[in-house]
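# Descriptive structure summary
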Amino acid sequence: MTDRLVYWAYALGWAVLKHLPEPVARWVFDRLADYAWRRRGPRVLQLEANLRRVRPGLHEAALRRLSRAGMRSYLRYWLESFRLPVWSRGRVARDVRIEGAEHLKDALASGRGVLAALPHMGNWDLAGTWIAQQGYPFTTVAERLKPERLFERFVEFREGQGMEVLALTGGGVNVIGTLARRLREGRLVCLVGDRDLSEAGIEVSFFGEPTRMPAGPAALCQRTGAALLPVTLWYDGPVLRGRIHPEVPVPEEGDRKERTRAMTQAMADVWERGIAEHPQDWHMLQKFWLADLASRETVGGTSAVARPAVEPVPTVEPVAEPAAEAPGV
């Protein structure tokens, strides 16, 4: 699909879907999810390969039912994101339930910054809107990819929800330095951190197999004194539920690299438990475990049902000093 067609497909979604009656829109997106699931394209097959790690004891029929639920959850994310601009504050308050908000409130009240780190679960756009409406505006990062107009629409949308969005590249802003400043100012930063797209990730054990996750969240918190709070999200009927977990502490022993590795593993352990409880809401349609990666370039490819050119909260690998260029995701 050309850049122009991609842009107009998303523009049509924003323009049309928010005006459809909600039961009709949900029916349409469930049918789209089922169509993609029945086609068994490479992303659906990869989703099932990932879910086998999460639920290794499932027989084939049960795995297929789980992957179908996963595709419906994934398309629900898109439907809600297209319709979110017309959701009222009351609707957001009604349909989002977040546990553990005291961990966020207490850390910010103490004057420390907070880095909330999420996996690709549930709907982080909606959760971010809820957080901003609680009086906690935050900073995040968006990967700049083509088409540029689509990137600008996503940024405009998220800024309208109360988010400060930093373009990873091409924005004339040092992303790592800006994130560090926000945290030192006692503010909130939100990043998705379960999938490493660089060569500098930390190897962790996840569901008993090795993979890599970005070192960025742990490294930033060590540099700034901010609290690292893992977050998990899942759907419960019409409600998006979430949990802000207790702070991942900085180990007292070891050098900086060893502390970063320990914190990243601890964060992965929290996410593992959340994903095990709600595997259908982990939207991982890409190769993830090292055993599946023939090459690093295969991570995060595209497909007809893949993520858009801009992810809401992509991950940054902050290992350079603030004056350095921001590395890739």
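Residues numbered from 1 in each chain as written. Predicted model: local features only at pLDDT ≥ 70, side-chain atom pairs only at ≥ 80, totals over all residues. Heavy atoms only, no water.

### Focus on the pairing of strand 6 (residues 202–206)
To keep it simple, the criterion reads: Only protein chains enter the accessibility calculation, which uses a 1.4 Å probe; a residue whose area is less than 20% of its type maximum is buried, one above 50% is exposed, and one in between is partly exposed. Secondary structure counts use DSSP, requiring at least four H or I residues in a row for a helix and at least two E residues in a row for a strand, with both numbered from the N terminus. Here the rule is simple: two strands pair whenever DSSP picks up at least two bridges between them.
Residue alternation in strand 6 divides its side chains into a buried set, Ile202, Val204 and Phe206, and an unburied set, Glu203 and Ser205. Judged from the five bridges that link them, strand 6 and strand 7 (residues 209–213) form a sheet pairing that is antiparallel. When the sheet's bridge partners are listed, Phe206 is paired in strand 7 with Glu209. Where strand 6 folds back onto strand 7 in an antiparallel hairpin, the turn is made up of two residues, including Phe207, whose phi is positive at roughly 55°.

### Details of the environment of Leu166
Going by this rule: In this analysis, two residues are considered to be in contact whenever any of their non-hydrogen atoms come within 4.5 Å of each other.
Secondary-structure assignment places Leu166 in strand 4 (residues 163–167). Judged by its relative accessible area of 8%, Leu166 is buried. The spacing of Leu166 and Thr140 is 26 residues in sequence and 6.2 Å in space, taken between C-alpha atoms. Once residues within four sequence positions are removed from consideration, Leu166 is found in contact with Thr139, Thr140, Val141, Ala142, Val175, Thr178 and Leu179.

### Examining the pattern of salt bridges
Note the following rule: Salt bridges are identified by distance alone: a Lys or Arg side-chain nitrogen within 4 Å of an Asp or Glu carboxyl oxygen.
Applying the stated criterion across every chain, the model contains 22 salt bridges. Measuring nitrogen to oxygen at the nearest pair gives 2.5 Å for the salt bridge that ties Arg91 to Asp95. Taken as a pair, Arg91 and Asp95 lie in helix 5 (residues 89–95) at a separation of four residues, close to a single helical turn. When sorted by exposure, Arg91 lands in the same class as Asp95, which is buried. For Arg243, the salt bridge is made with Glu99, and the minimal N-O distance between the two is 3.0 Å. With Arg243 in strand 9 (residues 239–244) and Glu99 in strand 1 (residues 96–99), this pair connects stretches of sequence that are 144 residues apart. Through salt bridges with shared partners, a single network forms among Glu22, Arg26, Arg76, Glu80, Arg83, Arg91, Arg94 and Asp95.

### Brief notes about the packing of helix 2 (residues 22–39) against helix 4 (residues 60–83)
Stated formally: Where helices are involved, their axes are fitted lines through C-alpha atoms of the stretch in contact, as for all axes, and angles between N-to-C directions lie from 0 to 180°. Roughly parallel refers to an angle under 35 degrees, roughly antiparallel to one over 145, roughly perpendicular to one between 65 and 115, and oblique to any angle outside these ranges. The sense of a crossing depends on the near helix, which, turned anticlockwise from the far helix by less than a right angle, makes the crossing left-handed and, turned clockwise, makes it right-handed. Any residue that is not Ala, Val, Leu, Ile, Met, Phe, Trp, Tyr, Cys, Pro, Asp, Glu, Lys or Arg is counted as polar, Gly included; the first ten are nonpolar and the last four charged.
The contact between helix 2 and helix 4 brings their axes to 8 Å, and the two run at 135°. Relative to helix 4, the element helix 2 is oriented oblique. Our pair here, helix 2 against helix 4, has a crossing hand that is right-handed. Contacts between helix 2 and helix 4 pair Glu22, Ala25, Arg26, Phe29, Asp30, Arg31, Leu32, Ala33, Asp34, Ala36 and Trp37 from the former with Arg64, Ser67, Arg68, Met71, Arg72, Leu75, Arg76, Trp78, Leu79, Glu80, Phe82 and Arg83 from the latter. Of the residues belonging to the contact of helix 2 with helix 4, the class tally is 11 nonpolar, one polar and 11 charged.

### Focus: unusual backbone geometry
Despite not being glycine, Arg40 has its phi angle at roughly 50°, a positive value. One non-glycine residue with positive phi stands out, namely Phe207, at about 55°. Examined against the element boundaries, Phe207 turns out to sit in the loop between strand 6 and strand 7.

### So, the environment of Gly193
Along the chain, the position of Gly193 falls in the loop between strand 5 (188–192) and strand 6. Judged by its relative accessible area of 0%, Gly193 is buried.

### Some details on the sheet that holds strand 5
Read from one edge of the open sheet, seven strands run 1-9-8-2-5-3-4, paired in mixed fashion. The sheet is open, and its two borders are formed by strand 1 and strand 4, each paired with just one other strand. Here the average twist between neighbouring strands, direction ignored, is 25°. With two bridges connecting them, strand 3 (residues 138–142) and strand 5 associate as parallel partners. Note that in strand 5 the partner of Phe138 across the bridge is Leu188.

### Some details on the packing of aromatic side chains
Here is the rule: Here is the rule: rings of Phe, Tyr and Trp (six-membered ring for Trp) pair when centre to centre is within 6.5 Å. Planes less than 30 degrees apart are stacked, more than 60 are edge-to-face, and the remainder are tilted.
In the structure shown here, the tally under the stated rule is 10 aromatic pairs. Judged by centre distance (6.2 Å) and plane angle (35°), the rings of Phe206 and Trp289 are tilted. With a gap of 83 residues between them, Phe206 in strand 6 and Trp289 in the segment after helix 11 (256–277) connect regions that are remote in the sequence. The class for Phe206 is buried, based on a relative accessible area of 0%.

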